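Each chain, written out:
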Amino acid sequence: MHANSIKSDSIKAKIQLNILRAIVYIILIFLTLLCLFSFYMLIINATRSNGQLQGGFTLIPAGHFFENLKNAWTDSSINIPRGMLNSFIVATLTAVLTTYFSALTAYGIHAYDFKLKKFAFGFIMAIMVIPNQVSASGFVQICYKFHLTNNYLPLILPGIAAPIVFFYMKQYMESVLPMEIIDAARVDGSGEFRTFNRIILPMIKPALAVQLIFAFVQSWNNYFLPGLLLTDSKMKTVPIMIAQLRSADYSKFDMGKVYMFILLAILPVIVVYLILSKSIIKGVTSGGVKG
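The following paragraphs examine the structure supplied in this document.

Rules used in this analysis
- Residues numbered from 1 in each chain as written.
- Predicted model: local features only at pLDDT ≥ 70, side-chain atom pairs only at ≥ 80, totals over all residues.
- Heavy atoms only, no water.
- Helix = DSSP H or I, 4+ residues; strand = E, 2+ residues; numbered from the N terminus.
- Rg over C-alpha atoms; globule rule 2.2 N^0.38 Å.
- Buried < 20%, exposed > 50% of the residue type's maximum accessible area, 1.4 Å probe, protein only.
- Contact = heavy atoms within 4.5 Å.
- Areas by Shrake-Rupley, 256 points an atom, 1.4 Å probe, with all protein chains shown as cover.
- Lys, Arg positive; Asp, Glu negative; His and termini not counted.
- Charge placed at Lys NZ, Arg CZ, Asp CG, Glu CD.
- Core = buried A, V, L, I, M, F, W, Y, C linked by side-chain atoms within 4.5 Å.
- Axes fitted to C-alpha atoms, helices over the stretch in contact; angles between N-to-C directions.
- Nonpolar A, V, L, I, M, F, W, Y, C, P; charged D, E, K, R; others polar.
- Salt bridge = Lys/Arg side-chain N within 4 Å of Asp/Glu carboxyl O.
- Phe/Tyr/Trp six-rings, centres within 6.5 Å; stacked < 30°, edge-to-face > 60°.
- Lys NZ or Arg CZ within 6 Å of the ring centre and 35° of its normal.

## Looking at the overall build of the protein
Along its length, the protein carries 14 helices and zero strands. Each helix and strand of the protein, ordered N terminal to C terminal, gives the series α-α-α-α-α-α-α-α-α-α-α-α-α-α. Computed over the C-alpha atoms, the radius of gyration of the protein is 25 Å, more than 25% above the 19 Å expected from 2.2 N^0.38 for a compact globule of 291 residues. Its C-alpha atoms give the protein principal-axis dimensions of about 75 × 70 × 30 Å. In the protein, buried positions account for 35% of the 291 residues. Put simply, 73% of the contacts in the protein that link residues at least 6 apart link residues at least 24 apart. Within the structure as shown, the protein displays about 18,100 Å² of accessible surface, and the carbon and sulfur contribution to it stands at 68%. Separation between the mean location of the 24 positive side-chain charges and that of the 12 negative ones in the protein comes to 4 Å.

Here's what the structure looks like:
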């Protein structure tokens, strides 16, 4: 009787576990569909004409995809290939500089002991809570004073100072980067920059990939500063061009064209994410420190 009771309890536990697992999968599937629904609707709207879009909501694609693509690509008020190239240059350089120098700063705070270490960390954290809009006015004035308008440097170089990325890197290093590895590299005669570039960076590859994705997307979608500093049509980025299409007068306004441009603007972000997501998986599965 006792054995049968144990067996019955085991069966009940497995049933409960399977039910719980099914509920979790259902929730995950629902959340996934919810996240993908907006992207699906973007694709649907990119296949519809302006008149159809004004007619209301539908889940069924129409047959104006290539027409909208042609209208958006050949629009005389914008240059989509140039805009996407501009955004790609700015976003790529910003993401690389942001990730590298934030990781380098985090390594300096993590690996060294000095008198002002706590003050430096607290100061960076204090800067993190200050909104960008607070300093934007003064920054734009400086750019105009030094004739840095219609220039990508004011959009790229400030990315070197990224407190949020620094904080993430610092926390990640504390969890995966033991000081023994750094001390062993120093004993072997490795210089500090060589240690960082050849040993530390490969170990924090998952964190680098994550922050590259976030920094790239943030820079790609950035409208605030480019809208204030870029006035030359050849220098404008994708968000500015999308805003131009949306602000067109009623006689030239075409929602199908706008949705198509938004779809084109999202594709590079998806490609970058797919490339870097492989690095995240590889880094997590391989492990940073092997015993």
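Picking up where we left off.
## Regarding the environment of Gly63
You can see Gly63 is positioned in the loop between helix 2 (50–55) and helix 3 (65–73). The exposure class of Gly63 is exposed, given its relative accessible area of 73%. Between the alpha carbons of Gly63 and Arg48 there is a distance of 6.7 Å; along the sequence they are 15 residues apart.

## Thoughts on the nonpolar core
Counting residues in hydrophobic clusters, the biggest one holds 26 residues, and the most contacted among them are Ile80, Phe216, Trp220, Val238 and Phe261. Broken down by secondary-structure element, the contributors of at least two residues to this core are helix 1 (2–46), helix 4 (80–111), helix 11 (205–220), helix 13 (238–246) and helix 14 (255–286). It is helix 14 that contributes the most residues to this core, nine residues altogether. Filtering out sequence-adjacent residues up to four positions away, Phe216 remains in contact with Phe88, Ala91, Thr92, Ala95, Pro268, Val269 and Val272. Listed in part, the 22 residues of the second largest apolar core include Ile124, Leu177, Ile200 and Ile204.

## Some thoughts on the packing of helix 4 against helix 13
Packing of helix 4 against helix 13 leaves a shortest axis separation of 8 Å and a crossing angle of 145 degrees. Together, Gly83, Met84 and Ser87 of helix 4 and Val238, Pro239 and Met241 of helix 13 make up the contact between the two elements. Across the contact of helix 4 with helix 13, the residue classes tally to four nonpolar, two polar and no charged.

## Comments concerning the pattern of salt bridges
The tally for this structure, following the rule as stated, stands at five salt bridges. Close ionic contact of Asp113 with Lys117 constitutes a salt bridge, the shortest N to O distance being 3.2 Å. Among the residues examined, Asp113 registers a relative accessible area of 74% and is labelled exposed. With a shortest N-O distance of 3.1 Å, Arg186 and Glu192 are connected by a salt bridge. Residue Glu192 is classed as partly exposed on the basis of its relative accessible area, which comes to 29%. Via salt bridges that share partners, Asp183, Arg186 and Glu192 belong to a single interconnected network.

## Section: the packing of aromatic side chains
Using the criterion set out here, one finds 10 aromatic pairs in the structure. Taking 5.3 Å as the distance between ring centres and 85 degrees as the angle between the ring planes, the aromatic pair formed by Phe65 and Phe66 counts as edge-to-face. Judged by centre distance (6.5 Å) and plane angle (20 degrees), the ring pair of Tyr168 and Tyr172 falls under stacked. Here the residue Tyr168 and the residue Tyr172 both occupy positions in helix 8 (residues 163–176), the gap between them amounting to four residues, near one helical turn. Through a chain of ring-to-ring contacts, three or more aromatic side chains come together here, namely Tyr100, Phe101, Tyr107, Tyr112 and Phe196. The ring of Phe121 carries the charged tip of Lys170 above its face, separated from the ring centre by 5.4 Å. The positively charged end of Arg186 is found above the aromatic ring belonging to Tyr112, 5.1 Å away from the centroid.

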